[in-house]
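Chain by chain, the residues:
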There are 2 protein chains.
Amino acid sequence: MNQSIILKQRPEGTPQSTDFKFEDIDQPTPKEGEVLLKTRFVSVDPYLRGRMRDEKSYIAPFEVGAPIESAVVAEVVESRHKNYKKGDHLTGMLAWKKYQTSDANGLRLVDPDQAPLSAYLGILGMTGLTAYFGLNKIGQPKEGECLLVSGAAGAVGSVVGQIGKIKGMKVIGIAGSDEKITLIQEKFGFDAGINYNKTDSLSKAIKQSAPDGIDVYFDNVGSYTLDAAMNNINQFGRVVNCGAISLYNETEVPKGPRLETTLVKKSVKMQGFIVRNFEDDFPEGIQQLSKWMKEGKLTNEETIVQGFDQIPQAFIDLFDGKNKGKMVVEVA
Amino acid sequence: MNQSIILKQRPEGTPQSTDFKFEDIDQPTPKEGEVLLKTRFVSVDPYLRGRMRDEKSYIAPFEVGAPIESAVVAEVVESRHKNYKKGDHLTGMLAWKKYQTSDANGLRLVDPDQAPLSAYLGILGMTGLTAYFGLNKIGQPKEGECLLVSGAAGAVGSVVGQIGKIKGMKVIGIAGSDEKITLIQEKFGFDAGINYNKTDSLSKAIKQSAPDGIDVYFDNVGSYTLDAAMNNINQFGRVVNCGAISLYNETEVPKGPRLETTLVKKSVKMQGFIVRNFEDDFPEGIQQLSKWMKEGKLTNEETIVQGFDQIPQAFIDLFDGKNKGKMVVEVA
């Protein structure tokens, strides 16, 4: 039986399971030039929250009544496409459906012998590339500098910190539980970790871990966490604005201390990006990340949830930080 | 008679004339290797407000009871320095004194036959170089793009807009009076001007002048003006954080809408700087600015106030926008 998950209504604030609806749909038949795909792994990502709003952004919003889509790894179960055969695995943006047909435009072949299939949604996929290009192109890391990462145990943050260590930086992570702090220090090699749920002043906690200040701040969180980082930023500091998960569910733009005086006084750069800006360099990025993985310098951390019916909940759980590393749903 | 202007007390909020004190001092005698300088022109600049605070910044704070210093053009009235002779003119950071001795370290010779002496404090000095390097190095202007400048009739803004036109941009300026709007359009060639005192919504006024959005925003003002610009910023937009005059007199950091979501969504860069970051390139900048002046492509606008006793008031008047172009005090 085939099924699809559609956006039933646009979430108000934090997404609820009632914002999504499961629909039974027909099994499609591939036309000439198409493949029939069986969904194997589905990526759930904070940025999808933005597409659930009815507003202009770098990518069109989801339509109410239409299926959600995200990065997926799928298996070819029937092929009428000259480049792909039954048993091949493809990844790219696909709908939240158990089965779907595709002309394979925008999809690429992945090799289950090179890495586990789920890795192509994480460390060898969008999140790994986001970490790699965000840190390198915008953060411009230098050996001996101090890197602060928020969402440090998450899909992007955990990779950013590890790349920081490879580059010879002092790396400090912010995360929301002692378990995550242990993880980032013991498994990912961060020099220090701050549990934001256990500090009175995040700003002071950062100062304690980084008495010489922060040179690069990789921000996945925004809001108070960004403020605290800015209080500790060094002259010529770079802030990589990768995400602002703390703000995605807000219905109005919250206020915070104005940052422009700090930017001027300390010659600081803040720069936002999406990974697609660096699309031309993806092959180089994937190659470098794979190499580091093979050399044992980079560890892939995943939270794998089982079952197609769990996709909406896995997405919702991101906003409570229930994932360690990349949150992925294994469908079959 | 020699006189000095000292910082009597640190200003609270907007500086007052009572924060400054005139002191009669002795006429100094130059030692071997020194020159005796007579102050001719004194630059007053918004950034000096920052040095009146007792806080760490890119430059040491002024001390209470000690003379203020700023950029000055002075005449050598007696020389015991091998490189300079009586009648030479030097510029650099000097104290607010009628006469002072100096070893000339950090000063440079200027030529009154090449440009009026006051120009070395403005368009061929720190403010011209600030405009030139801020726009070029951080704004990365491209022909056909739209440039928005706040403080558009000021010392830096008026030069930024003119360089924008030289680069083939559409240039929109924000200023605080109809007279200034006329000035920036008729004298400096801006394509459009917005009088922020006559708009209900600055954000909408910008949208009207720039229906295709803003690619580069050169910010001298900060606060609400920055917010309004950010509402109109395009994908891959660059914000040059040059100053935040609206915030310099605040005693606490004011709050404003958080900008990080816009930075991420639109891949926007905000970057602060001070002109000294580009010190190595100053000779190139001065050469280019002089060339444009000689070609008639660049106009130097100044507000020249007369008299040593007027220096504090000229500085205070900056915060009411009483200057058009560079505010300079002619001492003698």
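Everything quoted here is computed from the prediction, not taken from an experiment.

**Topic: the relation of the copies chain B and chain A**
Note on the identical chains: chain B maps onto chain A by a rotation of 180° and an axial translation of 0.0 Å, with an RMSD of 0.0 Å. With respect to symmetry, the two chain copies, as superposed, fit the operation of a two-fold axis. Comparing interface residues between copies, 100% of those in chain B also sit at the interface in chain A, which points to an isologous, same-surface contact.

**Considering the sheet that holds strand S8 (residues 146-150) of chain A**
Each strand in a sheet pairs with another by means of backbone hydrogen bonds, the pair being arranged parallel or else antiparallel. Strand order across the open sheet formed by 12 strands is S10(A)-S9(A)-S8(A)-S11(A)-S12(A)-S14(A)-S14(B)-S12(B)-S11(B)-S8(B)-S9(B)-S10(B), with mixed pairing between neighbours. Across the chains shown, the open sheet's two edge strands, defined by having one partner strand only, are strand S10 (192-195) of chain A together with strand S10 (192-195) of chain B. Across the sheet, the mean angle separating the axes of adjacent strands is 15° when strand polarity is ignored. Both strand S8 (residues 146-150) of chain B and strand S9 (residues 170-175) of chain B contribute to a ladder of five bridges, which runs parallel. Bridge pairing in S9 of chain B links Val149 of chain B to Gly173 of chain B.

**Overview of the domain arrangement of chain A**
All names here are of chain A. Taken domain by domain, chain A comprises domain 1 (2-114 + 301-330) and domain 2 (127-276). The distance between the C-alpha centroids of domain 1 and domain 2 comes to 29 Å. Taken together, the contact between domain 1 and domain 2 spans 19 residues of the former and 18 residues of the latter. Both faces considered, domain 1 and domain 2 share a buried interface measuring about 1,400 Å² in area, 55% of it formed by carbon and sulfur atoms. Three residues, Tyr58, Glu301 and Lys324, lead the burial of domain 1 against domain 2; their summed loss comes to 36% of the area buried on that side. Taken together, the links from domain 1 to domain 2 amount to two salt bridges. Lys324 serves as the salt-bridge partner of Glu179, at 2.6 Å between the closest nitrogen and oxygen. Joining domain 1 to domain 2, the criterion identifies six residue pairs in polar contact (both at pLDDT 80 or more). Here the residues of the side of domain 1 that touches domain 2 sort into seven nonpolar, five polar and seven charged.

How each quantity is defined
- Residues numbered from 1 in each chain as written.
- Chains lettered and ligands numbered in written order.
- Predicted model: local features only at pLDDT ≥ 70, side-chain atom pairs only at ≥ 80, totals over all residues.
- Heavy atoms only, no water.
- Least-squares fit on C-alpha atoms with pLDDT ≥ 70 in both.
- Contact = heavy atoms within 4.5 Å.
- Pairing = 2+ DSSP bridges.
- Helix = DSSP H or I, 4+ residues; strand = E, 2+ residues; numbered from the N terminus.
- Axes fitted to C-alpha atoms, helices over the stretch in contact; angles between N-to-C directions.
- Domains from an automatic or database assignment.
- Buried area = accessible area lost by both parts, 1.4 Å probe.
- Salt bridge = Lys/Arg side-chain N within 4 Å of Asp/Glu carboxyl O.
- Polar contact = N/O pair within 3.5 Å; in protein donor to acceptor, adjacent residues only side chain to side chain.
- Nonpolar A, V, L, I, M, F, W, Y, C, P; charged D, E, K, R; others polar.

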